[in-house]
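Architecture and fold: a report
If you want the building blocks of each chain, they are given just below.
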Amino acid sequence: MEKIEIDEKILYEVLVKYIGNKFDTKLILTDKRIIFERKKGLFNKQYKIVDEINISDIRLNKNKLLIKNTGSTVVIEANTKIYKFVCGSVIEAKLIIEEIIKIKTGENLLERSLERMPELYGE
């Protein structure tokens, strides 16, 4: 597994606690995938990829991504597996989710809200 491909762009990088891995894990969000990696040893500065999610594999249900957060815990449902990790704060979790939605749908929160306005008010 190669770390970052040539045509990928890193959008967000943060330390999280990845469920299933007892060590602190670095989450790298690129425009194509989410990469979880941890240090190889105690004093080593090299990282090893623990898991990765292709953004295209994140499931949709009724045009809504299956990404949930409860406090700072984020759960992502992909085609093959459910991924769970804990961010440092609730705000950080919401930022990561917003970036993933923006990549997958090409829209931000304001654009999605404006699309729903006629539905909500019966116009």
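Described below are features of the structure shown in this document.

About the thresholds
- Residues numbered from 1 in each chain as written.
- Predicted model: local features only at pLDDT ≥ 70, side-chain atom pairs only at ≥ 80, totals over all residues.
- Heavy atoms only, no water.
- Pairing = 2+ DSSP bridges.
- Helix = DSSP H or I, 4+ residues; strand = E, 2+ residues; numbered from the N terminus.
- Axes fitted to C-alpha atoms, helices over the stretch in contact; angles between N-to-C directions.
- Contact = heavy atoms within 4.5 Å.
- Polar contact = N/O pair within 3.5 Å; in protein donor to acceptor, adjacent residues only side chain to side chain.
- Core = buried A, V, L, I, M, F, W, Y, C linked by side-chain atoms within 4.5 Å.
- Buried < 20%, exposed > 50% of the residue type's maximum accessible area, 1.4 Å probe, protein only.
- Salt bridge = Lys/Arg side-chain N within 4 Å of Asp/Glu carboxyl O.

Read from one edge to the other, the open sheet built from seven strands follows the order E4-E3-E2-E1-E9-E8-E7, with strand pairing classed as antiparallel. The sheet is open, and its two edges are formed by strand E4 (47–54) and strand E7 (67–70), each paired on a single side. Each neighbouring strand pair of the sheet contributes to a mean axis angle of 30 degrees, computed without reference to strand direction. Pairing analysis gives two bridges linking strand E1 (residues 10–18) to strand E9 (residues 82–86), with the strands arranged antiparallel. Paired with tyrosine 18 across the bridge in E9 is phenylalanine 85. Along the sheet, helix H1 (residues 90–105) makes contact with E1, strand E2 (24–30), strand E3 (33–39), E7, strand E8 (73–77) and E9, crossing E1 at roughly 135 degrees.

If you trace the backbone, lysine 17 turns up in strand E1. Once the C-alpha coordinates of lysine 17 and lysine 84 are considered, the two residues, 67 residues apart in sequence, prove to be 8.9 Å apart. When residues no more than four places from it in sequence are discounted, the contact partners of lysine 17 are Asp24, Phe85 and Val86. Within polar-contact distance, the side chain of lysine 17 engages the side chain of aspartate 24 at 2.8 Å.

Before going further, it helps to spend a moment on the nonpolar core. The nonpolar side chains of a soluble globular protein tend to be buried with one another. Leu27, Ile34, Ile58, Ile76, Phe85 and Ile100 are the most contacted members of the largest nonpolar core, which totals 23 residues. Where this core is concerned, the elements lending two or more residues are E1, E2, E3, E8, E9 and H1.

Another point: the pairing of E3. Counting buried positions over the seven residues of E3 gives six, a clear majority of the element. Here E2 pairs with E3 via four bridges, running antiparallel. Looking at E3, one finds that leucine 27 is bridged to phenylalanine 36. The turn joining E2 and E3, which pair antiparallel and follow one another in sequence, is formed by two residues. With seven bridges connecting them, E3 and E4 associate as antiparallel partners. If you follow glutamate 37 over to E4, its bridge partner there is isoleucine 49.

If you walk through the whole model with that rule in mind, you get eight salt bridges. Across the salt bridge formed by glutamate 8 and arginine 33, the nearest N and O atoms sit 3.0 Å from each other. Taken as a pair, glutamate 8 in the segment before E1 and arginine 33 in strand E3 lie far apart in primary sequence, 25 residues in all. Arginine 33 shares its class with glutamate 8; the two are buried. Residues lysine 26 and glutamate 37 are paired through a salt bridge, measuring 3.8 Å at the closest nitrogen-oxygen approach. On the criterion of sequence distance, the pair formed by lysine 26 in strand E2 and glutamate 37 in strand E3 is long-range, its members being eleven residues apart.

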